[in-house]
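What the coordinates show
Next come the chains, spelled out residue by residue.
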Amino acid sequence: MTKPIERVPADANAEQIEHILLEDGAVIIDQLNSEEFVERILDEISPWFDRTQSGEGDWLGFKTRRLHGLLAKSAGVRENVINPLILQVMDRVLGPWCDRYQMGSCSISSVGPGETAQELHRDDLMYPFSHPMERIPHVTTFWALHDFTEENGATRVIPGSHRWDDERAPQTRETVPAEMKKGSVLVTVGATYHGGGDNNSSDEWRHAMYTSYNLG
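Owing to the predicted nature of the structure, the values given are computational and were not obtained by experimental measurement.

Attention shifts here to the sheet that holds strand β4 (residues 101–111). Strand pairing in a sheet relies on backbone hydrogen bonds. The paired strands run either parallel or antiparallel. An order of β1-β2-β8-β5-β10-β4-β3 is seen for the seven strands of this open sheet, with the pairing classed as mixed. Strands with a single pairing partner mark the edges of an open sheet, and in this sheet they are β1 (7–8) and β3 (64–67). The pairing of β3 with β4 spans four bridges and is antiparallel. In the strand pairing of β4, Arg66 is matched with Ser109. In the packing of helix α2 (residues 35–49) onto the sheet, contacts are made with β3, β4, β5 (138–144) and β10 (206–215), and the angle to β3 comes to roughly 95 degrees.

Okay, structure coming up:
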C-alpha cells in the first residue's frame, strides 16, 4: 500500500521539509499562502486567463486550460516564485549540486469538469541521468489556487517513487491524491512519479500554479 503524502504546517522549517523530500520525494506545506494572496494572483491573471483556450491533446488535456508567461502578468506571481521558505528548501535540496539554481518554468493550469487523468510521469526526464540517483536536478512546486480534492482532479503522486529504477513502470493504483486547501503547496523532487487526476466534479475548475526550480 502506498504511504500518504506527509504534510507540514506553514511554519515548518526548511530542514524538516528537506528531510521529508529526500525520504518520500513529496511533501505538502499547508496554506503557505493566504487565501487573500491567492485571490490577488487570480485577479491579476484573469484578463489573460479568461481568453485562454483548452488544450488539444492527451498530454495537455482536452478540458484543461494553461497560461504561461506569468512573471510579466502578475506581481503576485513574481513574489511567489521567491517565497522565502521555498527558496530555503531549494538552497538545501538543489544547492549542493550547483553553483546556483534557477527557475525552470512557471505556469497556471486549470483542470475542467470531465477531464481525464494525465499520464504518470517524472519531471526530470530532460536530464541524461539514470534512476535512482543521489543528485537532485529538479524540484517542482504545485500551488493550490483552488481547493484540491480527489473529485476535482487533485494531482496524484507516488511517494517513494523517486527511489525507483528506470525499468519500473508506475501504476495508477499506486498513487495517492494530493488533497489540500487553497494556498497550500505540493513540493516534489523531479524523480517522483505524478500526474493530474480525473476531474469528476460537475462544475469545478481546479486551478493550480506550477513553478519548477532546477540546476543552473
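Our focus in this paragraph is the sheet that holds strand β9 (residues 194–195). Spatially, the three strands line up as an open sheet ordered β7-β6-β9, and their pairing is antiparallel. Two strands in the sheet have a free side with no partner beyond their single neighbour: β7 (176–177) and β9. In this structure, strand β6 (residues 156–157) lies alongside β9, joined through two bridges in antiparallel fashion. Looking at β9, one finds that Arg156 is bridged to Gly195.

What counts, and at which threshold
Residues numbered from 1 in each chain as written. Predicted model: local features only at pLDDT ≥ 70, side-chain atom pairs only at ≥ 80, totals over all residues. Heavy atoms only, no water. Pairing = 2+ DSSP bridges. Helix = DSSP H or I, 4+ residues; strand = E, 2+ residues; numbered from the N terminus. Contact = heavy atoms within 4.5 Å. Axes fitted to C-alpha atoms, helices over the stretch in contact; angles between N-to-C directions.

Everything listed here is a matter of geometry and, on its own, says nothing about what the molecule does.
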